[in-house]
Amino acid sequence: MSDIQSAETMHTDTHDHSHDDHHHEANFWNTYVFSQDHKMIAKQFLLTGIVMGTIGMMMSVLFRLQLAWPEQGFPILEKLLGKWAPDGVMDSSIYLALVTIHGTIMVFFVLTAGLSGTFSNLLIPLQIGARDMASGFMNMLSYWFFFVSSVIMVISLFVTSGPASAGWTVYPPLSALPQAIPGSGAGMTLWLVSMTLFIVSSLLGALNYIVTVLNLRTKGMSMTRLPLTIWAFFVTAILGVLSFPVLLSAALLLVFDRSMGTSFYLSDIFIGGEVLDHAGGSPVLFQHLFWFLGHPEVYIILLPALGITSEVIATNSRKPIFGYRAMVGSILAIAFLSFIVWGHHMFVTGMNPFLGSVFTFTTLLIAIPSAVKAFNYITTLWKGNIRFTPAMLFSIALVSTFITGGLTGIILGDSALDINVHDTYFVVAHFHIVMGLSAIFGMFAGIYHWFPRMWGRRMNKTMGYFHFWLTFISAYGVFFPMHFLGMAGLPRRYYTNTAFPMFDDLADINILISNFAILGAIAQGIFFFNFFYSMFRGKRSAQNPWKSNTLEWTAPVEHIHGNWPGELPTVHRWAYDYSKPGMDEDFVPQTIPLGPGEEETH
Amino acid sequence: MSALLIIIVLVLAGVAIGQAVRIFEISNALKGKDENEITDDDNKRQGWYMLIFMFGMFITFIWMSASYWEVMLPKSASVHGKEVDNLMAISMIVITAMFVVTQPLLFYFAFKYKGKKANRATFVSHNDKLELIWTFIPAIVLAGLILYGLSTWNSTMFRPEDEEPMIVEIYAKQFGWNARYSGADNQLGYANVRNIAGVNVLGVDDTDGASLDDIVTTELHLPVGKPVLFRFRAQDVIHSAFMPHFRVQMNCVPGAVTQFAVTPDVTTVEMRKEQDVIAKTATINAIRKAKGEELYEFDYVLLCNKICGSAHYNMQMKIVVESQEEFDNWMSSQKTFAETL
Ligand code: HEM
Ligand SMILES: [Cu+2]
Ligand SMILES: [Cu+2]
């Protein structure tokens, strides 16, 4: 309670804030570890996200080795996987475990917490002109729940019976019965514990973001003057609050089935030579609950990336984002529709075909606001004066992958077509391109763009360029050919494709993909180096290195608690007055009052 | 030990690169340049790269479409599958068209409007007419696709049968398949996993009269041109019965029975004579020969397509589509449930 109050007073009072803190001395622990400052928490999320991302990426390289060169021994596999890879050939259960944890880490730990957690925390207070989040304490808790959840997920890799291996979607009965797959024993228990903590973290974060955006906007910052980043983070937070609790309930019921003998999801099962007692449950119920979160989740991942891109593209095209209101409208439309399309993941579960028709209809509707967004990005470039920062390159790449992946969604959303591509590599191609790549590119764009804001230094441009091109090329190189694998009928989550001679001619494509995956992973080395090097030795940045309009660049480079010394900035215009005719410069920060006779744009 | 060496080498490499960057920066600083400012030269170069990337992407796209044509599934071997394939072809054309319009615009604009310090962008914030147009065009195209898609879906799911379909159960378990034919009465006897015992691996209820003439097999034979209604069951976890050549897929869910109706209309022998299939088989056999493996002959297959455990990747059953006579012959060589008891 006292924290909320202090945030409130911070917000309203106007005296000098340049001293470090109100209540306690700054020391190592409360500055770097249990910090309640949103900027520090953002960095904590980012670093944890990067560590988890590295683990997830290394896992994908390991299983790509297996897919391209099955039966061939790799000393590195034996070294890393030990008993799971005798003679360097990974075992089929560990393959499934790697795929499962890879998916879980990428979706939740990197692209939900790592992306949203970093940039919502960093940008919400700074771009709306607040001194901090509504509750710094809740914000700190949110990070620490996330941290503990990450640690538990990593610990689960070392369980004797192996980590969770039922796929990141953990469908029961497979995930409920250790007899069905060893990973569904202790590994799955840890997975559930970890995800529960994760959900708590994400709820604490999201509630805070919502309240902050609604209550702590500075004077003049009306909702229609918010930068699109904030709109995206705000709507994302609402999606999270509405959908994560459903995942929690799905997980709890799974816990009950696993350890208390209930039958929510289990019925009529014969396994390990005996019939289980469970009767009357439905495994499909889990899928409904899971995807009720699961589909909004893909937008929880994507919207922040789109928000970041809007900001980066406008700033670096030196033009207003095209169709600001349409952009806000389509974010809202996408968010709303994302709650009524979950059934497109379940067309072939035996659901009523009429229900399938309804989900096809709603799913294809989402393509409309998505198309509007894509066209608006393209038009923002039109007649711009484009400055190719690494962030800008990643944003353009995002628009490209968003289009490519969005288009294949039209195939998958069509129930009649999904029959034959469901759960094949076509799906793997689709969701990696539209969600994985787009969101990762958005995250890189955000990191390159706001690095000066976070660390007061610049990242090296040349390394940024190399990183971008290698990443972009290998990303398409990995995922584009997968469409063809899918159309050849190749199922996903296969440990090896050698059991079916009909897939033998796909081996070359798989080798091509794996080579690109390895290239892509190596390219990330450039990024890591650039990131950590620039953090400590990078060139000091000017306060507003990109000549940007938004408020975060009006705060001093040195971090101070409360963000602005003295009064909070007052906002007089929207965030996109770039190259406005009649102005001296090609940008007009939001804090500059309208000139005499100047018209406000929207 | 080797791990340690690798780590040392990596660390040293990192330090070396760091020093190189440092020297580069210092020399730039001496020349009074800020190496991180984006110069007009950078914009020019990156703009060109964008354009080159676009051409590279399209060349690769065309090359892949041409050279991977052969690996894709051959023509559909079922009646509804032909409609699905048409829908797929049309949807593919539509999305390829959108791909070919939007991607070049994106990269071309990036190239065309690469910036110069001296220039200014044109201030355009929105254009209601334009935005309406590109809301409505996708809406209309999608409406078309939705209507076509739903009509295909409906005719696939609710196929009006002039003929009574033959009822066949597909039974999934870790890690294999069984088929159960309903026999002369075309009725499957009641079954539940609680009845599994001895040779009765499918848990068929022997007190149900309808079950006595049921026939349990390990291969799936189907007469050509005859409608079949598959009813799917699973014993332990969810599996998915995927018959890619027939454009059929349905999950097998423990505790529930799901179904899918299909009419196979190309026999295995006919399919082997298809041009596509001959070419694909030849490619595969060239590969197999080089590896010294047994040669391959085309067959329809049933695969598992829902993660179900460690041997998920190897859960298959051969499907044979043949003439009614051949089918009857095969059938008469199988034992009924009553005979196996
Ligand atoms: C580093 C580059 C990456 C590579 C090479 C890669 C590769 C793959 C492959 C081949 C699979 C399918 C394996 C199978 O079905 O047997 C897979 C699964 C998956 N990946 Fe990635 N991936 C990468 C990055 C990402 C990213 C950025 C995301 C974030 C969305 C992601 C999310 C997933 C998910 C959710 C699955 C499904 C896991 C499951 O089947 O349970 N991946 N990945
Ligand atoms: Cu979805
Ligand atoms: Cu299976």
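Residues numbered from 1 in each chain as written. Chains lettered and ligands numbered in written order. Predicted model: local features only at pLDDT ≥ 70, side-chain atom pairs only at ≥ 80, totals over all residues. Heavy atoms only, no water.

Quick look at the confidence of the model for chain A
Selection criterion: Per residue, pLDDT captures the predictor's confidence, and it can take any value from 0 to 100. Any two residues having at least one pair of non-hydrogen atoms within 4.5 Å are treated as being in contact.
Put simply, chain A has an average pLDDT of 92, and 96% of its residues get 70 or more. Between residues 1–22 of chain A, whose pLDDT stays under 50, and residues either more than four places distant or in other chains, the model counts 33 contacts.

Points about empty space enclosed by the protein
Which parts of space are left empty comes out when a probe the size of a water molecule is rolled across the atoms. Residues and elements named next belong to chain A. As a reminder, the rule being used: Using a 1 Å grid laid over the protein atoms alone, points where a 1.4 Å probe fits but cannot get out form a cavity; open sets with protein on both sides within 12 Å along at least 5 of 7 lines form a pocket; any residue with an atom within 4 Å of a point counts as lining. Grid points are joined across faces, edges and corners, and a volume is the space filled by probe spheres set on the points. Runs of H or I in DSSP of at least four residues are treated as helices and runs of E of at least two as strands, each being numbered from the N terminus. Under the scheme applied here, ten amino acids are nonpolar (Ala, Val, Leu, Ile, Met, Phe, Trp, Tyr, Cys and Pro), four are charged (Asp, Glu, Lys and Arg), and all others, including Gly, are polar.
Taken as a whole and judged by the stated rule, the model has 10 cavities of 30 Å³ or more. By volume, the largest cavity is sized at about 1000 Å³. As for the largest cavity, its lining consists of 47 residues, and the residues nearest its centre are S60, H102, M106, H432 and F479. Going through the elements one at a time, α3 (38–68), α5 (92–128), α14 (425–455), α15 (461–479) and α17 (507–537) are the ones with two or more residues in the lining of the largest cavity. Looking at which element gives the most residues to the lining of the largest cavity, the answer is α14, with 12 residues. Taken together, the residues of the lining of the largest cavity break down into 31 nonpolar, 13 polar and three charged.

A word on the environment of A575(A)
Residue and element names in this part refer to chain A. Selection rule: Relative accessibility thresholds used throughout: buried, under 20% of the residue-type maximum; exposed, over 50%; partly exposed, between the two (1.4 Å probe, protein chains only).
Relative to the elements of secondary structure, A575 occurs in the segment after α17. Assessed through its relative accessible area of 1%, A575 is described here as buried. As for A575 and I513, which are separated by 62 residues in sequence, their C-alpha atoms are 42 Å apart.

Observations concerning the coordination of the iron atom of ligand 1
Residue and element names in this part refer to chain A. Our working rule: Water is not part of the atom set, so a site may look incomplete; the donors themselves are N, O and S atoms within 2.8 Å of the metal, or 3.2 Å for Na, K and Ca. The geometry test gives tetrahedral to four donors whose angles all lie between 85 and 135 degrees, gives square planar to four donors and octahedral to six donors whose opposite members are over 155 degrees apart with all other angles between 65 and 115, and gives irregular to the rest.
Around the iron atom of ligand 1, the donor atoms from the protein are H102 (NE2) and H432 (NE2), and they sit 2.1 Å away. Given six donor atoms and angles of 83 to 179 degrees at the metal, the environment of the iron atom of ligand 1 is assigned as octahedral. Highlighted residues: H102 in helix α5 and H432 in helix α14, separated in sequence by 330 residues. Comparing H102 with H432, the two get one shared label, buried.

Side note on the confidence of the model for chain B
The pLDDT averaged across chain B works out to 90; a share of 96% of its residues lies at or above 70. The complex prediction reports pTM at 0.92, with the ipTM value standing at 0.93.

Things to note about the pairing of strand β6 (residues 239–243) of chain B
Residues and elements named next belong to chain B. Which entries qualify depends on this criterion: A pair of strands is labelled paired if DSSP reports no fewer than 2 bridges between them.
Most of β6 sits inside the fold, with five of its five residues counted as buried. Summarising the sheet, β6 and strand β7 (residues 248–252) pair through five bridges and their orientation is antiparallel. Across the sheet, residue M243 finds its bridge partner in β7, namely V248. Following β6, the chain reverses through four residues before pairing antiparallel with β7; R247 in that reversal takes a positive phi of roughly 55 degrees. Where β6 meets strand β9 (residues 300–304), two bridges bridge the pair, whose relative direction is antiparallel.

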